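# Descriptive analysis of the structure
Next come the chains, spelled out residue by residue.
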Amino acid sequence: MNKKLLLISPLIASLTACAMFPFEKDVKDGHFRVENFSYDHMNDTKEYVYLMCHNKKPTGWIAARQYPAGEHDLWVKATFQNVGVLHSYREAFVNFKMDFPEGGNYQLAHEINNENISVWLQDVETKEKASEVVTKPLARQNVADNGKHIQQCKQGTV
């Protein structure tokens, strides 16, 4: 078989698979969806606001996930950094306890004011607030808190 064809075949298979299985934006029956927030401007700031737990363990940023509708205890991690400014990384942790209806489609939103960050959930389509607004100070990362965050995820519902 032609060597070029052997190299191209996996690429074609991957592209075909993506076309056959588009990324799901629709909310599955009995579920709600949460989109995380990211802003990564190479010459300015980096801001991330995301659900910090998945499978009851700390996790990194991911575009969106769906969860069974109902009462939930969600932990959110928010980070901010001025690009090019040494030791400017700051973070805050926010907790939301609320009832998420079936079909709900939310995104995390935030506003930074001086050294504080306000975080809330809003409807993806209407941009209306769907949760309370929680304000926390942005603080330097404390690695001693890692055990605390592990426990928060274990006590949360996702």
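An account of the accompanying structure is given in this report. Just so you know, these numbers come straight off a predicted model, no measurement behind them.

### Looking at the pairing of strand S2 (residues 37-40)
Both S2 and strand S3 (residues 45-51) contribute to a ladder of 4 bridges, which runs antiparallel. Looking at the pairing, Phe37 lines up with Val49 of S3. Where S2 hands over to S3, the hairpin turn is made up of 4 residues, counted between the paired strands.

### Regarding the pattern of salt bridges
Counted under the stated rule, the structure contains 3 salt bridges. Arg33 is the partner of Glu35 in a salt bridge, and the nearest nitrogen-oxygen pair spans 2.7 Å. Among the ionic pairs, Lys77 bridges to Glu91, the shortest N-O distance being 3.7 Å. Linking Lys77 in strand S7 (residues 70-82) with Glu91 in strand S8 (residues 90-100), this pair joins segments that are 14 residues apart in sequence.

### A closer look at the packing of aromatic side chains
Working definition: an aromatic ring pair is given by the centre-to-centre distance plus the angle between the planes. Enumeration over the complete set of coordinates arrives at 4 aromatic pairs. Taking the centre distance of 5.8 Å and the plane angle of 40° together, the rings of Phe32 and Tyr67 count as tilted. Of this pair, Phe32 sits in strand S1 (residues 31-35) while Tyr67 sits in strand S6 (residues 64-68); the two residues are 35 residues apart in sequence, bridging distant segments of the chain. Between Phe32 and Phe100, the ring centres sit 4.2 Å apart and the planes meet at 10°, which makes this aromatic pair stacked. Placement of the pair is Phe32 in strand S1 and Phe100 in strand S8, with a sequence separation of 68 residues. You can call Phe100 buried: its relative accessible area is 1%. One aromatic cluster is present, built from ring pairs that chain together Phe32, Tyr67, Phe100 and Tyr106.

Calculation rules
- Residues numbered from 1 in each chain as written.
- Predicted model: local features only at pLDDT ≥ 70, side-chain atom pairs only at ≥ 80, totals over all residues.
- Heavy atoms only, no water.
- Pairing = 2+ DSSP bridges.
- Helix = DSSP H or I, 4+ residues; strand = E, 2+ residues; numbered from the N terminus.
- Salt bridge = Lys/Arg side-chain N within 4 Å of Asp/Glu carboxyl O.
- Phe/Tyr/Trp six-rings, centres within 6.5 Å; stacked < 30°, edge-to-face > 60°.
- Buried < 20%, exposed > 50% of the residue type's maximum accessible area, 1.4 Å probe, protein only.

So yeah, pure geometry; function would need other evidence.
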